[in-house]
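Understanding the architecture of this molecule
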Amino acid sequence: MSSAAILARHLDDAQRVVVFTGAGISTESGIPDFRSPGGVWSKMKPIMLQDFVRSRDVRREAWTRVFNRTAGWTGAAPNAGHHAVTALLHAGKVTSIITQNVDNLHQDSGAPLEKVIELHGNAAYAKCLNCEIRYEFEHIEPRWRADEDIVCLACDGLIKTATVSFGQPMPEEQMARATLEAETCDLFLVLGSSLVVRPASGLPIIAKQDGAKLIIVNREPTELDEIADLVLHEEIGPLLTDTLALLK
Ligand code: APR
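Residues numbered from 1 in each chain as written. Predicted model: local features only at pLDDT ≥ 70, side-chain atom pairs only at ≥ 80, totals over all residues. Heavy atoms only, no water.

The next subject is the overall build of the protein. What the protein contains, in helices and strands, is 10 helices and nine strands. On C-alpha atoms alone, the protein measures out to a radius of gyration of 19 Å, which is about the 18 Å that the 2.2 N^0.38 rule sets for 248 residues. Considering only C-alpha atoms, the protein reaches an extent of 60 × 30 × 30 Å along its principal axes. A buried classification covers 50% of the 248 residues belonging to the protein. (Helix = DSSP H or I, 4+ residues; strand = E, 2+ residues; numbered from the N terminus. Rg over C-alpha atoms; globule rule 2.2 N^0.38 Å. Buried < 20%, exposed > 50% of the residue type's maximum accessible area, 1.4 Å probe, protein only.)

Listed below in structure tokens is the structure:
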């Protein structure tokens, strides 16, 4: 039986499916993942929040990465994997999408905003670290070009992209929602994550402990393969496209 047929059967049998995505679902959109050869962390070091706050030069580097699109997290289009997940959501099979990604591609593929739980924020806009006012990049870029230290117009706080940096607290509401989804689903489907970053990668464990089936679709082995009910080393886009066609 093909991987698509096996996955389709599990999806047909499930009542409440939660999809959990990592950078691997976006590589087919041209966005490099983090830990594959040539991945983002092989090209640049992550910027820690405390360094961003401490150093104007680090803030300059962070904004330069944004406007030079060094990481490539913005400007890409959703691929077959995103569209397949959104189709499962619209069909009522998937109850929510928990994503570690910051590229907005689930939303861009038509997934309703309220169904996408972003654990690591979003790279498509900025926020004040102090008062949390949202800023659009079109208003930030001229200030970056003028070599300004970019601070909030309302409270003088530092403005940063709306991603969750290393050293930054996880968004509490999103983590609470994601944990509840993991606790109440009967199938937890991981798509394209090495599952090495906590607390996000603790969610499949919670789902498994609470009785859900755990399926991992990933090109490489992951940290949680040994507890998974099924591991499929496949390309996400083609696999999900074939799977959708086989669903009852
Ligand atoms: N199909 C299937 N698997 C894929 C594909 C694909 N088309 N492309 C890549 N992969 C797999 C890779 O083999 C890799 O194991 O996706 C996985 C992506 O893992 P990572 O690069 O570690 O990305 P991710 O798990 O999302 O990282 C989690 O780490 O640095 C932080 O905040 C960052 O959200 C990120 C978190």
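Past the structure itself, the notes keep going.
Attention now goes to the sheet that holds strand β5 (residues 134–135). In sheet architecture, strand pairing relies on hydrogen bonds along the backbone and comes in two forms, parallel and antiparallel. Pairing within the open sheet is antiparallel, and its three strands lie in the order β5-β4-β6. At either margin of the open sheet sits one strand with a lone partner, and together these are β5 and β6 (159–163). Note: strand β4 (residues 121–128) against β5, two bridges, orientation antiparallel. Among the inter-strand pairings, A126 is bridged to a residue of β5, identified as Y135. Along the sheet face, helix α7 (residues 137–145) touches β4, β5 and β6 and points at about 70 degrees away from the line of β4. (Pairing = 2+ DSSP bridges. Contact = heavy atoms within 4.5 Å. Axes fitted to C-alpha atoms, helices over the stretch in contact; angles between N-to-C directions.)

This brings us to the packing of aromatic side chains. Within the structure shown, the criterion is met by eight aromatic pairs. For the pair W41 and F166, a centre-to-centre distance of 6.3 Å together with 55 degrees between the ring planes defines the contact as tilted. With W41 in helix α2 (residues 40–43) and F166 in the loop between β6 and α8 (172–184), this residue pair connects regions lying 125 residues apart in the sequence. Assessed through its relative accessible area of 26%, W41 is described here as partly exposed. Taking the centre distance of 5.8 Å and the plane angle of 15 degrees together, the rings of W63 and F67 count as stacked. On the criterion of helical spacing, the pair formed by W63 and F67 is a turn pair, its members being four residues apart in helix α4 (residues 56–67). Taken together, F34, W41, W73 and F166 form an aromatic cluster joined through their ring pairs. (Phe/Tyr/Trp six-rings, centres within 6.5 Å; stacked < 30°, edge-to-face > 60°.)

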